[in-house]
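Summary of structural features
Below, each chain spelled out in residue letters.
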Amino acid sequence: MTKTIYLDNAATTPTDPEVLKEMLPYFCEKYGNASSVYGLGQESKQAVTKARKQIADALNADEGEIYFTAGGSESDNWAIKAAAEALQSKGKHIITSSIEHHAVLNTCEYLEKRGFEVTYLKVDSDGLIDIGELEAAIRPDTILISIMFANNEIGTVEPVKEISETAKKHGILFHTDAVQAFTHVPIDVKELGIDMLSASGHKFNGPKGVGFLYIRKGVRIKSFVHGGQQEKGKRAGTENVPGIVGIGKAAELAMSTLKERAEKEIKLRDHLIDRILGEIPYTRLNGHREKRLPNNTSFCFRFIEGESLLMWLDMAGICGSSGSACTSGSLDPSHVLLAIGLPHEIAHGSLRLTLSEKNTLEEMDYVVDCIKETVDKLRKMSPLYEDFIKNGK
């Protein structure tokens, strides 16, 4: 098998040809500024309005609750910083989890340096927060709970409805980073009681550089980017019309196939998990076995370095990762893997493979065979593994 097998869809996805086709006219033909009053500009404004409805429909939200941004990180920053600023007279305490994306963790750290207090909830060995611990962490001055919908590294889906109900009971805003979950699992913001939700277009076959923040009607937070009156005065800057058109179309396409796509991905995912756990000893699945994203697999292989495994797989035409794309190049083990209780030496042997409905069972078998062969080679070069075998395991 000589073609590239792409298994890093949690990092980014290819733009769907139908999405690109929808975007192209807004670069050179329908190039008007969406804030202009003449016909060319109004054409762009109508395209933005249509995309806003496509996103709203995907969430069962109202069109006026969708605000376009440059991506998930901006959306997370906006939700957390703006909520903190708007509500600081009521309190300066925020609750999040220890396994959040760095767009949330670093934003919370930023706020801590400015007088806010942050509680970082621990998670269990599968990456799930405990609702009882969340309840116990709430204080009279708690103003925001920000817990991700699903983890980007280990795929665990958090108990979002229970988190929302807990927040609502105490009159606290609830924000969720749904960058990995949006269009991959059903999300109904009204049924789940979500106040704010972040997502990014390039995670579901849309373009890079565009995302959105859902802000429930009635939630009053301030602008994040100051300037003009775009996005109802809350996010200044000329609208990225091609990108907005692209994210809207991508959401529409993804939602139209969600059920069938998830079923196929789960079949491929479980085949991959079953073969790797069954055929490669001293291997651990990271994340919850059932409460996980349809396309996510994450493993730790003892006695090897994940980076070495990645390089060997790359030579075999397989694209994977050792964790979040935002921390690639770091020599430190994943904060997520450490948070679920793994020691450094095991966390260093991680491999994340995130597939799509375009992958096949034949590819999964090829991937497993390559991993088996590579792990065996790397372990034979490991003094730790040699000592482990000599000492009778």
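Just above sits the structure.
Residues numbered from 1 in each chain as written. Predicted model: local features only at pLDDT ≥ 70, side-chain atom pairs only at ≥ 80, totals over all residues. Heavy atoms only, no water.

**Side note on the sheet that holds strand 7 (residues 196-200)**
Put simply, the rule reads: DSSP-based pairing: two strands are paired if at least 2 bridges between them are found. A helix here means a DSSP run of H or I that spans at least four residues, while a strand means a run of E at least two residues long, and both kinds are numbered starting from the N terminus. Angles here are taken between N-to-C directions and fall from 0 to 180 degrees, while the axes themselves are lines fitted to C-alpha atoms, restricted in helices to the stretch in contact. We call two residues in contact when some of their heavy atoms are within 4.5 Å.
Ordered by their spatial adjacency, seven strands build an open sheet running 2-8-7-6-5-3-4, and the pairing between neighbours is mixed. Two strands lie at the open edges of the sheet, namely strand 2 (66-69) and strand 4 (117-121), each paired on one side alone. Neighbour-to-neighbour, the strand axes of this sheet turn through a mean angle of 20 degrees, independent of strand direction. By the bridge criterion, three bridges tie strand 5 (residues 142-146) to strand 6 (residues 173-177) in an arrangement that is parallel. Counterpart to Ser146 in the pairing with strand 6 is His175. The sheet strands contacting helix 3 (residues 39-59) are strand 2, strand 7 and strand 8 (211-215), and the helix crosses strand 2 at an angle near 115 degrees.

**Focus on empty space enclosed by the protein**
For the record, the criterion: In this analysis the probe radius is 1.4 Å and the grid spacing 1 Å, with only protein atoms considered; a cavity is a set of points the probe fits into but cannot get out of, a pocket is an open set with protein on both sides within 12 Å along at least five of seven lines, and lining residues have an atom within 4 Å of a point. Grid points are joined across faces, edges and corners, and a volume is the space filled by probe spheres set on the points. Any residue that is not Ala, Val, Leu, Ile, Met, Phe, Trp, Tyr, Cys, Pro, Asp, Glu, Lys or Arg is counted as polar, Gly included; the first ten are nonpolar and the last four charged.
With the rule as written, the count across this model stands at two cavities of 30 Å³ or more. Reported here for the largest cavity is a volume of approximately 60 Å³. Considering the residues around the largest cavity, the lining is formed by Asn9, Ala10, Val179, Gln180, His184, Lys203, Leu293, Asn295, Asn296 and Thr354. In terms of residue class, the lining of the largest cavity is made up of three nonpolar, six polar and one charged.

**Description of unusual backbone geometry**
Stated precisely, the cut-off is as follows: Burial classification: accessible surface area is computed with a 1.4 Å probe over protein chains only, and a residue below 20% of its type maximum counts as buried, one above 50% as exposed, and the rest as partly exposed.
With phi around 70 degrees, Thr183 is a residue other than glycine that occupies positive phi space. Here Thr183 is to be found in the loop between strand 6 and helix 8 (189-192). Judged by relative accessible area, Thr183 falls into the buried class, the value being 1%. One non-glycine residue, Lys232, adopts positive backbone phi at about 55 degrees.

**Some thoughts on helix 14 (residues 361-380)**
Three or four residues apart is the spacing at which side chains of an α-helix point the same way, because the helix has 3.6 residues per turn. We count it as follows: A helix is expected to span 1.5 Å multiplied by its residue count minus one.
Taking 1.5 Å of rise per residue, 20 residues should cover 28 Å, and helix 14 covers 29 Å from first to last C-alpha, within 8% of that figure. By the burial criterion, the buried members of helix 14 are Glu363, Met364, Val367, Val368, Cys370, Ile371, Thr374, Val375, Leu378 and Arg379.

**Thoughts on the packing of helix 3 against helix 9 (residues 241-256)**
Any two packed helices are characterised by how steeply their axes cross, that is the angle between the axes, and by the distance between the axes. In plain terms, the rule: By definition, any crossing whose near helix is turned counterclockwise from its far helix by less than a right angle is left-handed, and any crossing with a clockwise turn is right-handed.
One way to put it is that helix 3 packs onto helix 9 with a least axis distance of 8 Å and a crossing angle of 30 degrees. Once helix 3 is placed against helix 9, the crossing between them reads as left-handed. Between helix 3 and helix 9, the contacting residues are Ser44, Ala47, Val48, Ala51, Gln54, Ile55 and Ala58 on the first element and Val241, Ile244, Val245, Ile247, Gly248, Lys249, Ala251, Glu252 and Met255 on the second. Of the residues assigned to the contact of helix 3 with helix 9, the class counts are 11 nonpolar, three polar and two charged.

**A word on the packing of aromatic side chains**
This is how the line gets drawn: When two rings of Phe, Tyr or Trp (its six-membered ring) have centres within 6.5 Å they constitute a pair, described as stacked for plane angles under 30 degrees, edge-to-face for angles over 60, and tilted for the intermediate range. The criterion for a charge sitting over a ring is simple: Lys NZ or Arg CZ within 6 Å of the ring centre, and within 35 degrees of the ring normal.
The full count for this structure, using the stated rule, is nine aromatic pairs. Centroid distance Phe182 to Phe204: 5.2 Å. Interplanar angle 80 degrees. Geometry classified as edge-to-face. Note that Phe182 is positioned in the loop between strand 6 and helix 8 and Phe204 in the loop between strand 7 and strand 8, a separation of 22 residues in sequence. Judged by relative accessible area, which is 1%, Phe182 ranks as buried. With a centroid separation of 6.1 Å and an interplanar angle of 40 degrees, the aromatic rings of Phe299 and Phe301 are classed as tilted. The class for Phe299 is buried, based on a relative accessible area of 0%. With relative accessibility at 0%, the residue Phe301 sits in the buried group. Through a chain of ring-to-ring contacts, the aromatic side chains of Tyr282, Phe303, Tyr385 and Phe388 assemble into a single cluster. In this structure, Lys92 is placed above the aromatic ring of Phe116, and the distance from its NZ or CZ to the ring centre is 5.2 Å. We note Arg302 situated over the ring of Phe388; from NZ or CZ to the ring centre the distance is 5.1 Å.

**Quick notes on the side chain of Gln180**
Within the secondary structure layout, Gln180 lies in the loop between strand 6 and helix 8. Note on Gln180: relative accessible area 11%, which makes it buried. Excluding its chain neighbours within four sequence positions, the residues that come into contact with Gln180 are Ala10, Ala150, Asn152, Lys203 and Leu293.

**Examining the nonpolar core**
To keep it simple, the criterion reads: By nonpolar core we mean a set of buried residues, namely Ala, Val, Leu, Ile, Met, Phe, Trp, Tyr and Cys, connected to one another through side-chain atoms within 4.5 Å.
In terms of nonpolar packing, the biggest core is built from 63 residues, with Leu59, Ile187 and Phe212 touching the most fellow members. The residues touching Ile187, leaving out its near neighbours within four places in the chain, are Ala58, Leu59, Phe149, Ala178, Ala181, Phe182, Leu192, Ile194 and Leu197. Ranked by size, the runner-up nonpolar core spans 26 residues in total, among them Leu272, Ile280, Phe299 and Leu351.

**Re the sheet that holds strand 10 (residues 296-301)**
Strand order in the open sheet formed by three strands is 9-10-12, and the pairing between neighbours is antiparallel. Only two strands of the sheet have a single partner each, and these edge strands are strand 9 (283-285) and strand 12 (350-354). Put simply, the sheet's adjacent strands are angled 25 degrees from each other on average, direction ignored. Across three bridges, the pairing between strand 9 and strand 10 is antiparallel. The residue of strand 10 that forms the bridge with Leu285 is Phe299. Packing against the sheet, helix 10 (residues 258-279) makes contact with strand 9, strand 10 and strand 12, and its axis sits at approximately 15 degrees to strand 10.

**A few points about the pairing of strand 10**
Among the six residues that make up strand 10, six are buried, leaving the element largely enclosed by the rest of the structure. Side chains Asn296, Ser298 and Cys300 project from strand 10 onto one buried face, and the interleaved Thr297, Phe299 and Phe301 project onto a second face that is buried too. Bridge analysis of strand 10 against strand 12 gives five bridges, and the strand direction is antiparallel. Note on strand 12: the bridge partner recorded for Ser298 is Arg352.

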